[in-house]
Amino acid sequence: MNTFEDQELLTLCRELIKTPSLSGQEDKVAAILEHYFLENGFDEVTRDDYGNLIGCIHGSKPGLKILFDGHMDTVPVGEKSDWQHDPYGAEVENGRLYGRGTSDMKCALGAMAVAAARFAKANNHDFAGDIYIAGIVHEECFEGVAARSVSAIVKPDIVVIGEASELKLKISQRGRAEIRLETFGVPAHSSNPDKGVNAVYGICRVIEAIRALPCPEHDFMGKGIQELTDIKSSPYPGASVVPEYCLATYDRRLLVGETKESVLAPLQAVIDELTKEMPELKAKVSYATGSEICYTGAPIEGERFFPGWLYERSEGFIRRIEEQMEAEGLSHEISRYDFCTNGSHYAGEAGIRTVGFGPSRENLAHTIDEYVELSELLGAEKGYEAIMRALTDGKEDT
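So, here is what we can say about the structure in this document.

Moving on, we come to the packing of helix α2 (residues 27–39) against helix α3 (residues 102–122). Between α2 and α3, the shortest axis-to-axis distance is 11 Å and the interhelical angle comes to 15°. When the axis of α2 is compared with that of α3, the two are roughly parallel. In terms of crossing hand, the pair formed by α2 and α3 is right-handed. Across the interface between the two elements, Val29, Leu33, Tyr36 and Phe37 from α2 touch Lys106, Leu109, Ala113, Val114 and Ala117 from α3.

Structural data, given as structure tokens:
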């Protein structure tokens, strides 16, 4: 550990990782970040009703508002005995930092905070615009819902999502929807099934037809996905009873341009067509909703539809970032996120220019013995500073 060249960065990240912060329990991580902001020259520190933490550094000249977004919550550890490294130990071994949240995404958040403090100090705040670092709550439950509040407070011109990207610039992201397929039958004793309508038989027919539907494809974003993830009948257990209700859930991965209406339309068409063959079929499709409580006590809820987004490499703000990174000898490979992020709000809902950049790999998120390469952690901090230089020079996009 002592050979790592950036002890300040490593110390902050280890402190964040040692502090558990499941969704709805991010208060202690927020306190750590707040202390860092206040001790390192941030001009303003704000918490909203949800408990999102926003640190701001003002430049001396007018310019863009640049928001760096990182969520503070993590998924649960699971069985600690399955881990070779303590999930909250923040152990350093063979050039890696281990622990829950290293890749997803406390190390990115720590690197953003350190980069902003150093950038402002090195330039004596002599830059154009304002830099915001936001620690977001409840992202693991609702990608983009808590971010709506931050967006309303900051009104950013450009957002940088810090989710794992292997230090590549992510200019696109698949969205996500959780779809509910319900069928409604008539209960009866299973010794006289003809007296009822079995909701499970109905849903099986609908599921079979849905499985035959093609998913959209995109040259850059790849294939959309529509996968059945669970099915439940009621009553359960159903001893001697024809089930009167059945619910199936689909995970739908969205491409750019797909809307709430366009995603459900083919499913509704399947139901309409099957109803002609099966008059007894009663079915509907809708989006799941969720509700949780934030650590502040405020409720947070939302429909589980999080749109995808895409920006072209030719966009001015992307070109400026690429050029700055190239000038500093940093990687600037272009790629996409296959999973969902808070960018679903910023870019997908609000149309705010958004790019992703962070340390580590997407497929390390939520895994046992999650880790980040220290070399990528260092690269992330340098990359965030480069992005700040690129976007605070006072120049307009061309």
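Read on, since the account is not over.
Time to look at the sheet that holds strand β4 (residues 92–93). Picture the strands of a sheet paired through backbone hydrogen bonds; they go either parallel or antiparallel. Sheet architecture is open: three strands sit in the order β4-β5-β21, paired in antiparallel fashion. A single partner strand is all that each edge strand has here, and the edge strands are β4 and β21 (371–373). Here strand β5 (residues 96–98) runs beside β21; their pairing, made up of three bridges, is antiparallel. What sits directly across from Tyr98, in β21, is Tyr371. Helix-sheet contacts for helix α1 (residues 7–17) involve β4 and β5, and the interaxial angle to β5 is about 25°. Those strands touched by α3 are β5 and β21, and its axis lies near 55° from that of β21.

In total, this model carries ten aromatic pairs according to the counting rule given. Plain terms: the ring middles of Phe184 and Tyr245 are 5.6 Å apart, the flat faces sit at 50° to each other, and that makes the pair tilted. Of this pair, Phe184 sits in strand β9 (residues 175–184) while Tyr245 sits in strand β13 (residues 245–254), placing them 61 residues apart in sequence. Exposure remark for Tyr245: the relative accessible area of 21% places this residue in the partly exposed category.

Turning our attention to unusual backbone geometry. Following Asp104, the chain continues to Met105 via a peptide bond in cis, the omega torsion being -10°. In this structure, Met105 sits in helix α3. For Asn124, which is not glycine, the phi dihedral falls at a positive 50°. The topology assignment puts Asn124 in the loop between α3 and β6 (128–136). Exposure remark for Asn124: the relative accessible area of 67% places this residue in the exposed category. One non-glycine residue, Glu166, adopts positive backbone phi at about 60°. Along the chain, the position of Glu166 falls in the loop between β7 (158–161) and β8 (169–173). Overall, the relative accessible area of 36% leaves Glu166 in the partly exposed class.

Conventions used here
- The numbering scheme is per chain: residues are counted from 1 as the chain's sequence reads.
- In keeping with the predicted nature of the model, local features appear solely for residues at pLDDT of at least 70, side-chain atom pairs appear and are counted solely at 80 or more, and the whole-chain, interface and lining totals rest on all residues.
- Each side-chain value is derived from all of the structure's non-hydrogen atoms; neither hydrogens nor water enter the calculation.
- Axes here refer to lines fitted to C-alpha atoms; in helices the fit is confined to the stretch in contact. Angles between the N-to-C directions go from 0 to 180 degrees.
- Each helix is a run of DSSP H or I of at least 4 residues and each strand a run of E of at least 2, with the numbering of both proceeding from the N terminus.
- Should an angle fall under 35 degrees it is taken as roughly parallel, and over 145 as roughly antiparallel, whereas 65 to 115 is taken as roughly perpendicular and any remaining angle as oblique.
- If you view the pair so one helix is near and one far, a crossing is left-handed when the near helix is turned anticlockwise from the far one by less than a right angle, and right-handed when it is turned clockwise.
- We call two residues in contact when some of their heavy atoms are within 4.5 Å.
- Strands pair, by our definition, only if DSSP identifies at least two bridges between them.
- A pair of aromatic rings is counted whenever rings of Phe, Tyr or Trp (Trp by its six-membered ring) have centres within 6.5 Å, and the orientation is called stacked for planes under 30 degrees apart, edge-to-face for over 60 and tilted otherwise.
- Three exposure classes are used, based on accessible area relative to the maximum for each residue type with a 1.4 Å probe and protein chains only: buried under 20%, partly exposed in between, and exposed over 50%.

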